[in-house]
Amino acid sequence: MMKVLYRIWEQGHERRMIPSSPFLVSFFLLVSVPVLFVLAPRILPPKTLPSIPDRDEIDDLALFRRATLASADGGGGGGLRRRATSPPKIAFMFLTNSDLSFAPLWERFFRGHERLFNVYIHADPSSRLLLTPTPSFRDRFIPAKATQRGSPTLISAARRLLAAALVDDPANAFFALISQHCIPLHSFRFTYHAVLSDPGTLKPANAEGVLRRRHLSFIEILSGEPGLWNRYVARGDDVMLPEVSFDQFRVGSQFFILARRHALMIVRDRRLWKKFKMPCLKSREDSCYPEEHYFPTLLGMQDPEGCTRYTLTRVNWTDSVGGHPHTYRPLEISGDLIKLLRKSNSTYSYLFARKFSPHCLQPLLKLCDSVIFRD
């Protein structure tokens, strides 16, 4: 017979006999451990930033497989295989979480060149687009998922846009990622010829050694930047190993223009993605900018000679606040500003610029014919 111990609790003249056996103590411990596992995540602060939902990953993988198959049939090779009746096109991919305020400006930019471009829009499902899309934007929205700053969801959104454009039209030869805060700095004709006239490199296309031109991608790929180590360890000290060593880790602008073969390379990637999709540690969120790391690192590792290593989207970081660049206001808009923003240290003039307040639309429209579209 189990020996029962008694603990006597006394208050005033009242006594109570409370059983306290080892069996009961063990029972309560066994019950409390699972309860702690369930409740702890709700009580304790999270150690990492939000991760990508599994459902989103499954949907994306199905889309990426379709893009790979479509490119195998319709020409993912050198970037210019296409339908015989269609010229090469630029896919303008708008990534937005707010209204497309500059749609009227872009409409003026696109006018008369309908056979040379396609538009694709990834709008965060929580965004409320108040302006009625103009003709080039109407019905160009792709199935979208939630995005959040400082998380790999922005990489997923860009990959989704690339895959949708690859599936949609084999004539898409270049893929330009655009923000809702971006504006064009030149006419469409100037922009198209600047991208398509790039001499690129010549590579053997088959066993016979026939040469084929491989166009370059305009993507910023930088090493040795201040704070690069902090960005590298944002997910944990050794998390990126062995796939990505620190000397392979790169940084660059979120906005790029990719040749078709590089767009396909990105949607096919699984190896680096399994690292970059990991959420950053909450304690290191100030160094967490996955969308500025994944694309430069992947292309820097797989085809550095196929990239210019600079972007054609101008951004002003002189008075950045909280990781956001300078935002231009209506009173700053002038012909001189447009001409200043075009200047670059590379072979090419900047083609796009950001970040502009929505209230800049009317001043910019007034400059369309006299400055922006006069190259």
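Residues numbered from 1 in each chain as written. Predicted model: local features only at pLDDT ≥ 70, side-chain atom pairs only at ≥ 80, totals over all residues. Heavy atoms only, no water.

Student: Explain the packing of aromatic side chains to me, please; I cannot follow it from the model alone.
Tutor: Remark: the centre distance and the inter-plane angle together describe each pair of aromatic rings, the angle taken between the planes. Enumeration over the complete set of coordinates arrives at 31 aromatic pairs. Consider the rings of Phe 92 and Trp 106, whose centres lie 6.2 Å apart with planes at 55°: the pair is tilted. Placement of the pair is Phe 92 in strand β3 (residues 89-96) and Trp 106 in helix α3 (residues 103-110), with a sequence separation of 14 residues. Classification of Phe 92 by relative accessible area gives buried; the value is 1%. By relative accessible area, which is 1% here, Trp 106 ends up buried. With 6.3 Å between their ring centres and 50° between their planes, Phe 110 and Phe 137 make a pair best called tilted. Linking Phe 110 in helix α3 with Phe 137 in the loop between β4 (117-123) and α4 (153-168), this pair joins segments that are 27 residues apart in sequence. Ring pairs connect the aromatic residues Phe 92, Phe 94, Trp 106, Phe 109, Phe 110, Phe 117, Phe 137, Phe 188, Tyr 192, Phe 352 and Phe 373, which therefore count as one cluster. (Phe/Tyr/Trp six-rings, centres within 6.5 Å; stacked < 30°, edge-to-face > 60°. Helix = DSSP H or I, 4+ residues; strand = E, 2+ residues; numbered from the N terminus. Buried < 20%, exposed > 50% of the residue type's maximum accessible area, 1.4 Å probe, protein only.)

Student: What is the right way to look at the state of the cysteines in this model?
Tutor: Should the sulfur atoms of two cysteines be covalently bonded, the bond is a disulfide. As enumerated under the stated definition, the model contains one disulfide in all. Put simply, Cys 280 and Cys 288 are joined by a disulfide, and their sulfur atoms are 2.1 Å apart. With the S-S bond torsion at 75°, the cross-link from Cys 280 to Cys 288 turns out right-handed. Accessibility classification places Cys 280 together with Cys 288 in one group, the buried group. (Disulfide = S-S within 2.5 Å.)

Student: Looking at this model, I keep getting lost on the pattern of salt bridges. Mind explaining?
Tutor: When charged atoms on two side chains of opposite charge get close, those side chains can pair. Taken as a whole and assessed by the stated rule, the structure comprises 15 salt bridges. The salt bridge partner of Asp 59 is Lys 145, with a shortest N-O separation of 2.7 Å. Placement of Asp 59 in helix α2 (residues 54-74) and of Lys 145 in the loop between β4 and α4 is noted, with a sequence separation of 86 residues between them. Classification of Asp 59 as partly exposed rests on a relative accessible area of 28%. (Salt bridge = Lys/Arg side-chain N within 4 Å of Asp/Glu carboxyl O.)

Student: How should I be thinking about the pairing of β3 in this particular structure?
Tutor: Two faces belong to every sheet, and in a regular strand the side chains alternate between them. Extensive coverage of β3 is indicated by the burial of eight of its eight residues. Inspection of the sheet shows β3 paired to strand β5 (residues 172-179) by seven bridges, in the parallel sense. Along β5, the bridge assignment pairs Leu 95 with Ser 179. Both β3 and β4 contribute to a ladder of seven bridges, which runs parallel. Counterpart to Ile 90 in the pairing with β4 is Phe 117. This β-α-β element, β3 to α3 to β4, shows right-handed connectivity. (Pairing = 2+ DSSP bridges. Right-handed = clockwise from strand over helix to strand, strands pointing away.)

Student: How should the environment of Asp 56 be read in this particular structure?
Tutor: Following the sequence through the fold, Asp 56 ends up in helix α2. With a relative accessible area of 12%, Asp 56 lands in the buried category. C-alpha of Asp 56 to C-alpha of Ala 144: the two residues are 88 residues apart in sequence and 9.5 Å apart in space.

Student: Which parts of the structure should I look at to understand unusual backbone geometry?
Tutor: Glycine aside, negative phi is the norm for most residues, and most peptide bonds take the trans geometry. In this structure, Pro 242 follows Leu 241 across a cis peptide bond, with omega equal to 0°. In this fold, Pro 242 is placed in the loop between α6 (228-232) and β10 (257-259). In the segment running from Arg 354 into Lys 355, the intervening peptide bond is cis, with an omega of 25°. Here Lys 355 shows up in the loop between β13 (352-354) and α11 (361-372). In this structure, Asp 139 takes a positive phi of about 60° despite not being glycine. Relative to the elements of secondary structure, Asp 139 occurs in the loop between β4 and α4.

Student: Please explain α3 as it appears in this structure.
Tutor: Residue pairs three or four apart in sequence face the same way in an α-helix, which turns once every 3.6 residues. Of all the eight residues making up α3, six are buried; the element is thus mostly covered by neighbouring parts of the structure. Immediately downstream of α3, the backbone of Gly 112 shows phi near 90°, a positive value.

Student: Hey, could you run me through α4 in this one?
Tutor: Between its terminal C-alpha atoms α4 stretches 22 Å, which fits the 22 Å expected from 16 residues at 1.5 Å a residue. Extensive coverage of α4 is indicated by the burial of 14 of its 16 residues. (Expected span 1.5 Å × (residues − 1).)

Student: Teacher, can you tell me more about the confidence of the model for the protein chain here?
Tutor: The predicted coordinates ought not to be read in detail in places where the model reports low pLDDT. For the protein chain, per-residue confidence averages 86 on the pLDDT scale, and residues scoring 70 or more make up 80% of the total. Here residues 1-18 is modelled with pLDDT under 50, and outside its nearest four sequence neighbours on either side it reaches 16 contacts, counting other chains as well. For the stretch residues 75-82, pLDDT sits under 50, and the model shows 24 contacts to residues farther than four places along the chain or on other chains. (pLDDT = per-residue confidence, 0-100. Contact = heavy atoms within 4.5 Å.)

Student: I'm lost on the nonpolar core in this one. Help?
Tutor: Grouped together as the largest cluster of nonpolar side chains are 51 residues, with contacts concentrated most on Phe 92, Trp 106, Phe 110, Phe 137, Ile 257, Phe 356 and Leu 364. Ranked by the residues each element gives to this core, the list is headed by α11, at seven residues. What Phe 137 contacts, discounting residues up to four positions off in sequence, is Phe 94, Leu 100, Ala 103, Trp 106, Glu 107, Phe 110, Val 119 and Ile 121. The next biggest cluster of nonpolar side chains, apart from the first, holds 46 residues, and it includes Tyr 120, Leu 154, Ala 158 and Leu 298. (Core = buried A, V, L, I, M, F, W, Y, C linked by side-chain atoms within 4.5 Å.)

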